[in-house]
Amino acid sequence: MSLPTRQIGGHKAAINNPKVSEEAKEHSRQAIEELEQQPETQETREGYQEDKDETRVNAGYKATLKNPNVSEEAKEHARDILESKGAI
């Protein structure tokens, strides 16, 4: 069986796909609700958080600051996080 977070991703894709019927979208919404409540989902997400390399995370925030396609609100958020970490 695949990871619950991957299953959720698939259901989210179905919900946002204009070629998918409303019935199928409703099924995906219900499946997401059920999957979100499973302990395995939270465990998987916690594992993702633990695996993140702080340097790479900071690099992503710094890239946000320089990206002209990013909103000022997102840039401010990235700046706040970097400042709180002492990375800028």
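Up top is the structure these notes are about.
A brief structural summary. Just so it is clear, the model here is predicted, and its values are computed rather than measured.

Note on pairing: side chains with opposite charge can pair once their charged atoms come close. Scanning the entire structure with this criterion turns up three salt bridges. The salt bridge partner of Arg 29 is Glu 26, with a shortest N-O separation of 3.5 Å. With Arg 29 and Glu 26 both in helix α2 (residues 22-36) and three residues apart, this pair spans about one turn of that helix. For Arg 29, a relative accessible area of 34% translates into the label partly exposed. Of the residues examined, Glu 26 reaches a relative accessible area of 36% and is grouped as partly exposed. Residue Glu 76 pairs with Arg 79 through a salt bridge whose shortest N-O separation is 3.0 Å. Linking Glu 76 with Arg 79, this pair stays in helix α5 (residues 72-85), spanning three residues, or about one helical turn.

Conventions and cut-offs
- Residues numbered from 1 in each chain as written.
- Predicted model: local features only at pLDDT ≥ 70, side-chain atom pairs only at ≥ 80, totals over all residues.
- Heavy atoms only, no water.
- Salt bridge = Lys/Arg side-chain N within 4 Å of Asp/Glu carboxyl O.
- Helix = DSSP H or I, 4+ residues; strand = E, 2+ residues; numbered from the N terminus.
- Buried < 20%, exposed > 50% of the residue type's maximum accessible area, 1.4 Å probe, protein only.

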